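Close look at the chain arrangement
The lines below spell out each chain.
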Amino acid sequence: MFTDPRHERQASAEAANAAIRALVTAQGGRAWSADDLAELGRLRAEWLAAVRAQVTTAA
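What you are looking at is a predicted structure, and each value in this text was computed from that prediction instead of being measured.

Regarding the overall build of the protein chain
Within the protein chain one finds 2 helices and 0 strands. Relative to its 59 residues, the protein chain shows a buried fraction of 14%. Accessible area of the protein chain: about 4700 Å², with a carbon and sulfur share of 58%.

Printed below as a string of structure tokens:
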């Protein structure tokens, strides 16, 4: 079965975004620990990489 890589990148960006939202929601207004901030940074980097992979450079 053929899989469109653009769809995979979009799904990856959407999954990372959902994980970021879940992490922020789970904080419930509490202070962020160093571990929480590290996880947020990791998820943001994952999301950013997926979004950048979707962008096509114009000639």
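Back to the write-up after that little detour.
Brief notes about the pattern of salt bridges
Scanning all chains against the criterion turns up 2 salt bridges. Across the pair E46 and R42 runs a salt bridge, and its minimum N-O distance is 3.2 Å. Placement of the pair is E46 and R42 together in helix 2 (residues 34-54), with a separation of 4 residues, close to one helical turn. The class for E46 is partly exposed, based on a relative accessible area of 33%. Assessed through its relative accessible area of 43%, R42 is described here as partly exposed. Residues joined in a network through salt bridges with shared partners are E39, R42 and E46.

Reading the values: the criteria
- Residues numbered from 1 in each chain as written.
- Predicted model: local features only at pLDDT ≥ 70, side-chain atom pairs only at ≥ 80, totals over all residues.
- Heavy atoms only, no water.
- Helix = DSSP H or I, 4+ residues; strand = E, 2+ residues; numbered from the N terminus.
- Buried < 20%, exposed > 50% of the residue type's maximum accessible area, 1.4 Å probe, protein only.
- Areas by Shrake-Rupley, 256 points an atom, 1.4 Å probe, with all protein chains shown as cover.
- Salt bridge = Lys/Arg side-chain N within 4 Å of Asp/Glu carboxyl O.

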